[in-house]
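# Examination of the molecular architecture
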Amino acid sequence: MTVFEIDCRGLNFKAVNREIKKAAERGEKHLRLLNVNGQRYICGGLKGEVKVEIHGFPGNDLGIFMDGPMVEVYGNAGDGVGNTMNSGHIIVHGDVGDVVGYSMRGGRIYVRGNAGYRLGIHLKEYGEKKPIIVVGGEVGDFLGEYMAGGVVVVLRLESDGAIESRFIAAGIHGGRIFVRGRIDENRLGFGAAVSDLSEEDYGLLEELVRDFCRVMKCSSRGVSSEEFVKIIPVSKRPFEKLYHQTSIKVP
Amino acid sequence: MKIEKIPEFKVLIDESKCIRCKICVNECSFGALRYDKKKNKIVSKDWLCVACLRCVAKCPTGAITITRNPISLSPHDYWTERVRRDIWIRAETGSPRLVSMGTNLNYPSIFDHLLLDACQVTNPPIDPLREPIELETYLGDRSISVHSEDPLGLMIEVPIIFGAMSYGSISLEAQKALAKAAKELGTLMNVGEGGLHPDLYPYGDNIIVQVASGRFGVHRDYLNAAAAVEIKIGQGAKPGIGGHLPGEKVTAEISAMRMIPEGTDALSPAPHHDIYSIEDLSQLVYAIKEATDYSKPVFVKIAAVHNVAYIASGIARSGADGIVIDGFRGGTGAAPQVIRDNLGIPIEIAIAVVDDKLREEGLRERVALIASGGIRNSGDVAKAIALGADAVAISTAALVAMGCTLCQHCYTGKCPWGIATQDPKLRARLNVDEAARRVVNLVKAWSTELKEILGALGLSSIEGLRGNREKLRGIGLDELTLKMLGVKPAGR
Ligand code: SF4
Ligand code: SF4
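Positions within a chain are numbered from 1, following the residues in the order the chain's sequence is written. Working convention: letters from A go to chains and numbers from 1 go to ligands, in the order in which they are written. Residues qualify for local features only when their pLDDT is at least 70, as the model is predicted, and side-chain atom pairs are given and counted only at 80 or more; totals for whole chains, interfaces and linings, by contrast, use all residues. As a convention, hydrogens and water are excluded, and side-chain values are obtained from all of the structure's heavy atoms.

### Comments concerning the sheet that holds strand S20 (residues 472-474) of chain B
Strand-to-strand pairing in sheets goes through backbone hydrogen bonds, with the strands running parallel or antiparallel. Residue and element names in this part refer to chain B. The sheet built from three strands is open, its strands ordered S6-S20-S21 with mixed pairing. Looking along the sheet, the strands with just one partner apiece sit at the ends: strand S6 (114-116) and strand S21 (488-489). Strand pairing follows a simple DSSP-based rule, namely that at least 2 bridges must link the two strands. Numbered from the N terminus, helices here are DSSP runs of H or I no shorter than four residues, and strands are runs of E no shorter than two. One ladder, built from two bridges, connects S20 with S21; its direction is parallel. Among the inter-strand pairings, Arg473 is bridged to a residue of S21, identified as Lys488. Whether two residues are in contact is decided by their heavy atoms: any pair within 4.5 Å suffices. Only the stretch in contact is used when a helix axis is fitted, and all axes are lines through C-alpha atoms; the angle between N-to-C directions ranges over 0 to 180 degrees. The strands that helix H11 (residues 378-387) touches are S6 and S20; relative to S6, the one it contacts most, it runs at about 90°.

Below is the structure:
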């Protein structure tokens, strides 16, 4: 299949995205962006089945509101990767910044390296739509805060021992997080609890680890499903008792 | 009986008129009425009554009266009955109270201390019956040349739009009624943060969609379906705290729209977790513009707070096309009482200081200014515009037009009028066409009134009133407030 190349040197984000959209509308199926240097919103709101290779450093909000494309970054990416994305894949062969996968509604994000603060917050889920994020390295604080659904996996391929992130899954009311290695309970946020893994969890983890290592061309040797801790909401309604709902009206 | 259950209202049923039809029993969604077979009469649990007046409206013989419970607490003007009841409720439950609608405290209203000027002899008024008076309003960047390829503004036929109320907080029927009304009136309604129901897509040209911190129902097609996109930072009823849809209202349909578990509390946190500065805000503004190909205006809604002028100046520089400011009287489906009743500033002051700041910095024409939070009548609309707003957003008034009696129990999900509920039985009570008709009527009546006001002021268009504070005078306002409002005292 032919690859359509776009040289992004000297182009601002508007121009880059215009080129991408034009190419996708023309029916190009495989784009290669060269010399990307901090342009924001790459593939923002892009719809359809197109593969986009990114060489260089994409700016913040890569793939925001994206709906379908397959994006692969050969390098690091900034904040807000896959922000409010609806479907598609984002693969980053390096590190990513903060708020990755904020309110993601579907699709997958794979990150080979480390991720910053607030990964996978407000993840959604309904019926067939289930967003999945897999991180190969470590993650920052507030992992999975306010999660309402979906799956987050933190592989910590290069680390042993307990996870350092704080306030994990504060306010979680749906979905599940799997962290490889130990987790001290005092690292959990309000409304989060550790739980045993089910048969289905083991199956899902095996599939995800296999797929992640295939895509990242890394070895899954030494990663066993037994090593994962699962974090879930204590209840579907962690905030039920936060406020008193009375039908007694006060004058 | 626990002290906090001493009823506030009393249901009085006139035995001689009551025909035992039991209609009221079915109509009371708060469970306050019951038919007692043995006694052959309707009995009430008065402490459950919220004075919504549904039973009164539906009783075929007019047998029901709701009154304030005539019992008297020993009078005390400082430790009022309200204060004492508030303490008892907390003492019993250990939790903050959730409430609905705008604050019911008696803060002074600035609108009620402003009067409009009028023409006499030397500057003749205009007769709206004879001469056309224009209410058309442009929402967007006025500094863009008309020859520009993409003027992003929207033209609305009246300077009144409907404020944000989400699917979840209000019923689909109520949203449909607002959408129909907006279409008929040539204005806009705002679907709030709960996503856009498929039934509303056909009304897209008259809809503002919202992107709030919970990002419920936000995706590419949602953004593109609307006439404008609003980033919700805050709300007048609860500045600094996020959205809250109690689990009682998160039914299967709401769960599908918001993509959250059924029965959970839908919480949107106070900040957008990708916005901590004006630069971050600007990033989201342009992300939305990119996703919509620069085809729609992006508004930013904030609560009116002390430094609102500086924030508004930042918003105007962020690339946004409009600023929506919601005063402390703004309504809500659910908010902690202490927040609703104690935070924020009046919309009147906010409009004036924002308009001043934007003018001072040469930014006023770059953005539309939409004011909301306690607009009760066309007089308030005219005063808000004279203070500097381009248009106002109304929500509570529109619900009251549909039949809401302001019982202030929206958070329970039991709205007896089918407005603030997701219960199918209650929703069926709201007739979409009838509700739309009444909302249209309200805005039409206000429009006629606005024209009469403009005529009396000698102005031929609403544009001439915009920011025209010379047309306002204050009564009973202190010097500093007058100065802040940029308004002279009456008589000068
Ligand atoms: S809550 Fe409403 S319907 Fe029920 S008794 Fe009171 S006024 Fe009547
Ligand atoms: S919308 Fe319904 S529940 Fe809310 S105040 Fe009005 S009548 Fe009461």
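Now that the structure has been shown, we can carry on.
### Let's talk about the interface of chain A and chain B
Size of an interface: often given as the accessible area lost when the parts come together. In this assembly, 49 residues from chain A lie in contact with 65 residues from chain B. A carboxyl oxygen of Asp or Glu within 4 Å of a side-chain nitrogen of Lys or Arg is what we treat as a salt bridge. Linking chain A to chain B there are two salt bridges. Across the salt bridge formed by Lys47 of chain A and Asp221 of chain B, the nearest N and O atoms sit 2.7 Å from each other. Polar contact criterion, stated in full: a pair of N or O atoms within 3.5 Å, where within protein one must be able to donate a hydrogen and the other to accept it, and residues adjacent in sequence count only if both atoms are side-chain atoms. Scanning the region where chain A abuts chain B turns up 19 residue pairs in polar contact (both at pLDDT 80 or more). Here the element with the most residues in the side of chain A that touches chain B is helix H1 (residues 13-26) of chain A; it accounts for four residues. Amino acid classes used here: Ala, Val, Leu, Ile, Met, Phe, Trp, Tyr, Cys and Pro are nonpolar; Asp, Glu, Lys and Arg are charged; the rest, including Gly, are polar. Of the residues contributing to the side of chain A that touches chain B, the split by class is 17 nonpolar, 15 polar and 17 charged.

### Digging into the layout of surface pockets
Rolled over the atoms, a probe sized like a water molecule indicates the empty space that remains. Residues and elements named next belong to chain B. Put simply, the second largest pocket is a space of about 400 Å³. Lining the second largest pocket are 19 residues, and of these Ile233, Gly234, Ile275, Ile302 and Ile311 lie nearest its centre. Elements with a minimum of two residues in the lining of the second largest pocket: helix H7 (278-291), strand S15 (298-303) and helix H8 (308-317). Grouping the amino acids of the lining of the second largest pocket by side-chain chemistry returns 15 nonpolar, four polar and no charged. Residues are called lining when one of their atoms sits within 4 Å of a cavity or pocket point, these points coming from a 1 Å grid over the protein atoms alone, where a cavity is a set in which a 1.4 Å probe fits but cannot get out and a pocket is an open set with protein on both sides within 12 Å along at least five of seven lines. Grid points are joined across faces, edges and corners, and a volume is the space filled by probe spheres set on the points.

### Topic: the packing of aromatic side chains
Think of it this way: a Phe, Tyr or Trp ring, Trp meaning its six-membered ring, pairs with another when their centres are within 6.5 Å, and the plane angle makes it stacked under 30 degrees, edge-to-face over 60, tilted otherwise. Inspection of the entire model under this criterion finds seven aromatic pairs over all chains. Centroid distance Tyr117 of chain A to Phe142 of chain A: 6.1 Å. Interplanar angle 85°. Geometry classified as edge-to-face. Here Phe142 of chain A lies in the loop between strand S7 (132-135) and strand S8 (148-154) and Tyr117 of chain A lies in the loop between strand S6 (108-111) and S7, a separation of 25 residues in the sequence. Burial classes: relative accessible area under 20% of the type maximum marks a residue as buried, over 50% as exposed, and values in between as partly exposed (1.4 Å probe, protein chains only). Residue Phe142 of chain A is classed as partly exposed on the basis of its relative accessible area of 25%. Each residue in the set Phe13 and Tyr41 of chain A together with Tyr286 of chain B is aromatic and connected to the rest through ring pairs, giving one cluster. As a reminder, the over-ring test applies to NZ of lysine and CZ of arginine, requiring each to be within 6 Å of the ring centre and within 35 degrees of the ring normal. Of note, Lys22 of chain B hangs over the ring of Tyr35 of chain B, and the distance from its end group to the ring centre comes to 4.6 Å. Across the ring face of Tyr286 of chain B, the terminal group of Lys289 of chain B is positioned such that the distance to the ring centre comes to 5.7 Å.

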